[in-house]
There are 4 protein chains.
Amino acid sequence: MKILFVGDIVGRPGRVLLRENLKQLESRFGPFDFRIANAENAAGGFGLTEKVMNELFSMGFHCLTSGNHIWDKKDFLEVLDSERRLLRPANYPPGVHGQGYGFFLSDKGTRVLVVNLQGRVFMPPIDCPFRKAEEIIRDSNAEVVVVDFHAEATSEKKAMGLFLDGKVSCVLGTHTHVQTADEQILPNGTAYITDVGMTGGHAGVIGMEKSGVMERFLKGTPSKFEVCKEGLILNAVVVEVDETTGKATNILRIYEVYEK
Amino acid sequence: MKILFVGDIVGRPGRVLLRENLKQLESRFGPFDFRIANAENAAGGFGLTEKVMNELFSMGFHCLTSGNHIWDKKDFLEVLDSERRLLRPANYPPGVHGQGYGFFLSDKGTRVLVVNLQGRVFMPPIDCPFRKAEEIIRDSNAEVVVVDFHAEATSEKKAMGLFLDGKVSCVLGTHTHVQTADEQILPNGTAYITDVGMTGGHAGVIGMEKSGVMERFLKGTPSKFEVCKEGLILNAVVVEVDETTGKATNILRIYEVYEK
Amino acid sequence: MKILFVGDIVGRPGRVLLRENLKQLESRFGPFDFRIANAENAAGGFGLTEKVMNELFSMGFHCLTSGNHIWDKKDFLEVLDSERRLLRPANYPPGVHGQGYGFFLSDKGTRVLVVNLQGRVFMPPIDCPFRKAEEIIRDSNAEVVVVDFHAEATSEKKAMGLFLDGKVSCVLGTHTHVQTADEQILPNGTAYITDVGMTGGHAGVIGMEKSGVMERFLKGTPSKFEVCKEGLILNAVVVEVDETTGKATNILRIYEVYEK
Amino acid sequence: MKILFVGDIVGRPGRVLLRENLKQLESRFGPFDFRIANAENAAGGFGLTEKVMNELFSMGFHCLTSGNHIWDKKDFLEVLDSERRLLRPANYPPGVHGQGYGFFLSDKGTRVLVVNLQGRVFMPPIDCPFRKAEEIIRDSNAEVVVVDFHAEATSEKKAMGLFLDGKVSCVLGTHTHVQTADEQILPNGTAYITDVGMTGGHAGVIGMEKSGVMERFLKGTPSKFEVCKEGLILNAVVVEVDETTGKATNILRIYEVYEK
Ligand SMILES: [Fe+2]
Ligand SMILES: [Fe+2]
Ligand SMILES: [Fe+2]
Ligand SMILES: [Fe+2]
Ligand SMILES: [Fe+2]
Ligand SMILES: [Fe+2]
Ligand SMILES: [Fe+2]
Ligand SMILES: [Fe+2]
């Protein structure tokens, strides 16, 4: 089976780009039996709203993952609890809204476990992502397992890849908004990439307009960040998984530039 | 002119790999008029020694850049002061050993200014890399300028790329040891990549063996890091620069896997 | 001369407490020839407004210092530029609104230089506070110099105290909102305390109500912080300075509990 | 009963000071039925050795707590496992050497549970100290419970105090090496102080000599830290606990200056 995973969608530019190009992408690299996207920045660059979430589901995604920004919009917490196709990192402590993993059916009826985890290096201190991963997978009995590891440090991401190698179908990094070139099949059959990248306007700084970001770096004071509308790119990976073994057989990196 | 820039060389595996393959690389992607490598991890994974430095210069590098690890070996500080072909980040405070930029002559006699800078996001607080960059370049009167921006955060790196766009020939990121797939020529003619990656054994975690790194992530306690000897890769970029304007005309990403 | 320095005023509870008790404080520990307070949290716990600032000046403060929170209210930036009795940390980069030091006249006509600085350990990376301090003091020609060092780490604060010992009248720490018990006259005549503490409702967590803070610690997700109205305390120090030499002769710690 | 808790002992100066003054301290503030000290810096400022540990036990301490530095001396890990009177923070992950809490008998035969915890703000990401505290206490059935919360941020420490208020006899902060002036009995009977401080040479920077620390702050490069031998102070608290209820009735702060 072929799984499409789209990197952090940043604001409206990212959503429009996706809607307009998903079909063509499928015709070139698909068909995709299962479609996931990281949506933590899909609404205005920070978090998610119900409307934006539904817009993404209507494009045909089976599951949306997220990360640290999913808590940005306060009135969204109830949606997090009720919409089971939307995940937040599983290693947030007990009592936190939403769910960190879920079981899904692909278009062809294959059962897929998707696990969302978050790193702790240079990020807020939450529960251990490694032990949480182990705990979820041990109990799951699933063949096909997709892990979105939302993390900053390359070391923590690669460590997770090796830690889960052979136990899951793929470990796909998100959060840095820059795609890495190290896609690979690890020795025991897990597809891995340090970061899938982002989908949206990349002309500025990781999806935001240059001016606000530069001001923060040059002055050290808060500034307003606006979603960047230029330099549209779509970052994703396509992972081929043998559904009988759960092992990945291929990982294809997609870095489409729609606008210079 | 063609400039070769090799990503962080990690220990002996990285050095041996380079020595054995540099010529063949040149025959495929060169000739390289100017050769640079980041050497902050070249000696046992942490810092540099005089012997290792000379080994690298003997391979034909015109200039070695570095980063936060260059201070790891204490008896190396005098070498930092005397060897002008070796750079450390220029935005360390006044009084620190070594130099942060230098002028070099390419094989064809073109004057090249190399500037080494270090980021501050998720890194020790030193002087502002943006203002330091501006100050060095303003006074330099050089056409061809190569910047190694040794930094962790993708946002700070891309911000530096845009900040220097049109003022330098290239801004090449280092430090994360994972190559990114976003090499590009920025609108005003500066070649850019968020991270060039690393050169050495990549089977473990960013150049180190898996076991020591895993222990630190799983237990939170110190552990011994050993250089990884397996999964040899060579990460580099080749930047083509018009030496009359100093503008980049092309950036080619090299990710050679010598051993799975 | 006697200088009163009041620790971070947190919201309305802190302001009301000050207004109601400043006179009585003066009758017990004064008279105070010069009065300073750190006001970075004076408006609702985050930043400052023009109205709140004027309320504080009307209580008789000669100078208000601040810190990282002074940027919280966006429409306040113009006031920062125009009101020269209000300081923000001096080691923010060039181009930032406001001023980092100022010359004032005490009630008895003594010239006082007040310098506001901010640490960088566990705080945003700005310019070096040590070199900035040196630069301001070198050029000042002032006898009486008060330094508010707004910083997190005890090590950085004590290092600043020793760095400026003998060059300024006092180095008074702020930012942690908990008063330390290490007030002392350093060997060369500078009065020092790691943190003056806070003024406001201390029953919760550093001036904020318990519930919002606990949620953040227990869940790792954002929560709303409300100013704490209970457990009112006033934290300050009184520094006696010989105005002919600029040396401190005494530092008295004030920790008044107005409500258990 | 009276419990003595001595703040982080730094190197030989701290140990000598303790040995020479413990008796006199007891005659003034005691008798102490139970004696604890934080020993994470007792051996040369970094970690602990078996010899130094035994030296401390021979002074009459019932229990030694520690913190992040306890892992500094590698050949000490076996001692951590075998010596049950020595604690390391309990919220390190499963599989880590040593124990995080223990039951002890006071001189008068009262059972005392000592729990060592470590914060996560500005510190390495380990397990949640709040949930770990709750878990240990729930299962303990102890009346008298002493908590050493080894943490950096004042907010996290006060939050722990309020979280455990009424459930333990005292929450005593360590790690910053500067004593705070906020000792108090919380509303439900738990004695609290943000930081007990340190015991050793305080003339430099938090127990270390000024020169090495200043170099790191001024240059941003590594430097050698030497234990400070001057400005000897002894920081401690004496907590009075009603052993039938486990509630604290008093907390006395001790800040003895033995040498200016
Ligand atoms: Fe994101
Ligand atoms: Fe994120
Ligand atoms: Fe490196
Ligand atoms: Fe580095
Ligand atoms: Fe404050
Ligand atoms: Fe502050
Ligand atoms: Fe300590
Ligand atoms: Fe510590």
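- As recorded in an unreviewed UniProt entry, chain A goes by Metallophosphoesterase and comes from Thermovirga lienii.
- Note on chain A: under the UniProt heading Sequence similarities (unreviewed entry), the record states "Belongs to the YmdB-like family."

Quick look at the relation of the copies chain B and chain A
Inference 1: Overlaying chain B on chain A yields an RMSD of 0.0 Å, the required transformation being a rotation through 180 degrees with an accompanying axial translation of 0.0 Å. Within this description, the copies of the chain are treated as partners about a two-fold rotation axis. In terms of proximity to the rotation axis, the leading residue of chain B is T180(B), whose C-alpha is 1.9 Å off the axis.
Inference 2: When you check the interface residues of chain B against chain A, 100% turn up at the interface there too, and the contact is symmetric in its surfaces.

Things to note about the sheet that holds strand β9 (residues 184–185) of chain B
All names here are of chain B.
Inference 1: Strand order in the open sheet made by the 6 strands is β5-β6-β7-β8-β10-β9, with mixed pairing throughout. The sheet terminates laterally at β5 (101–105) and β9, the two strands that pair on one side only.
Inference 2: Against the sheet, helix α4 (residues 129–140) contacts β5, β6 (111–118) and β7 (144–150), and its axis sits at roughly 165 degrees relative to β6.
Inference 3: This element, helix α5 (residues 154–164), spans β6, β7, β8 (170–174), β9 and β10 (191–193) of the sheet and lies at about 165 degrees to β8.

Points about the coordination of the iron ion (ligand 6)
Residue and element names in this part refer to chain C.
Inference 1: On the protein side, the iron ion (ligand 6) has E40 (OE), N68 (OD1), H150 (NE2) and H175 (ND1) as donor atoms, found 2.1 to 2.2 Å from it.
Inference 2: In this structure, the iron ion (ligand 6) is surrounded by 4 donor atoms whose angles at the metal cover 85 to 143 degrees, and the resulting shape is irregular.
Inference 3: In the primary structure, the donors to the iron ion (ligand 6) are separated according to the pattern E-x27-N-x81-H-x24-H.

Comments concerning the coordination of the iron ion (ligand 3)
All names here are of chain B.
Inference 1: Taken together, D8 (OD), E40 (OE), N41 (OD1) and H177 (NE2) make up the protein donors of the iron ion (ligand 3), found 2.1 to 2.2 Å from the metal.
Inference 2: Given 4 donor atoms and angles of 87 to 163 degrees at the metal, the environment of the iron ion (ligand 3) is assigned as irregular.
Inference 3: Taken in sequence order, the residues that donate to the iron ion (ligand 3) follow the motif D-x31-E-N-x135-H.
Inference 4: A separation of 3.6 Å is found between the iron ion (ligand 3) and the iron ion (ligand 4), both of which receive a donor from E40. Here D8, found in strand β2 (residues 8–9), pairs with H177, found in the loop between β8 and β9; they are 169 residues apart in sequence, far enough to count as distant. Side by side, D8 and H177 carry an identical accessibility label, which is buried.

Digging into the interface of chain B and chain A
Inference 1: Taken residue by residue, the interface counts 31 residues in chain B and 31 residues in chain A.
Inference 2: Carbon and sulfur atoms supply 69% of the area buried between chain B and chain A, which totals about 2900 Å² over both sides.
Inference 3: Summed over the shared surface of chain B and chain A, the result is 0 salt bridges.
Inference 4: At the junction of chain B with chain A, the criterion picks out 8 residue pairs in polar contact (both at pLDDT 80 or more).
Inference 5: The set of elements that each furnish at least two residues to the side of chain B that touches chain A consists of α5, α6 (210–219) and β13 (247–257) of chain B.
Inference 6: Sort the elements by how many residues they give to the side of chain B that touches chain A and α5(B) lands first, with 7 residues.
Inference 7: Among the residues forming the side of chain B that touches chain A, the class breakdown is 16 nonpolar, 9 polar and 6 charged.

Rules and cut-offs
Residues numbered from 1 in each chain as written. Chains lettered and ligands numbered in written order. Predicted model: local features only at pLDDT ≥ 70, side-chain atom pairs only at ≥ 80, totals over all residues. Heavy atoms only, no water. UniProt positions renumbered as here; feature names shortened; annotations may be inferred. Least-squares fit on C-alpha atoms with pLDDT ≥ 70 in both. Contact = heavy atoms within 4.5 Å. Pairing = 2+ DSSP bridges. Helix = DSSP H or I, 4+ residues; strand = E, 2+ residues; numbered from the N terminus. Axes fitted to C-alpha atoms, helices over the stretch in contact; angles between N-to-C directions. Donors = N, O, S within 2.8 Å, 3.2 Å for Na, K, Ca; no water. Tetrahedral: all angles 85-135°; square planar, octahedral: opposite > 155°, others 65-115°. Buried < 20%, exposed > 50% of the residue type's maximum accessible area, 1.4 Å probe, protein only. Buried area = accessible area lost by both parts, 1.4 Å probe. Salt bridge = Lys/Arg side-chain N within 4 Å of Asp/Glu carboxyl O. Polar contact = N/O pair within 3.5 Å; in protein donor to acceptor, adjacent residues only side chain to side chain. Nonpolar A, V, L, I, M, F, W, Y, C, P; charged D, E, K, R; others polar.

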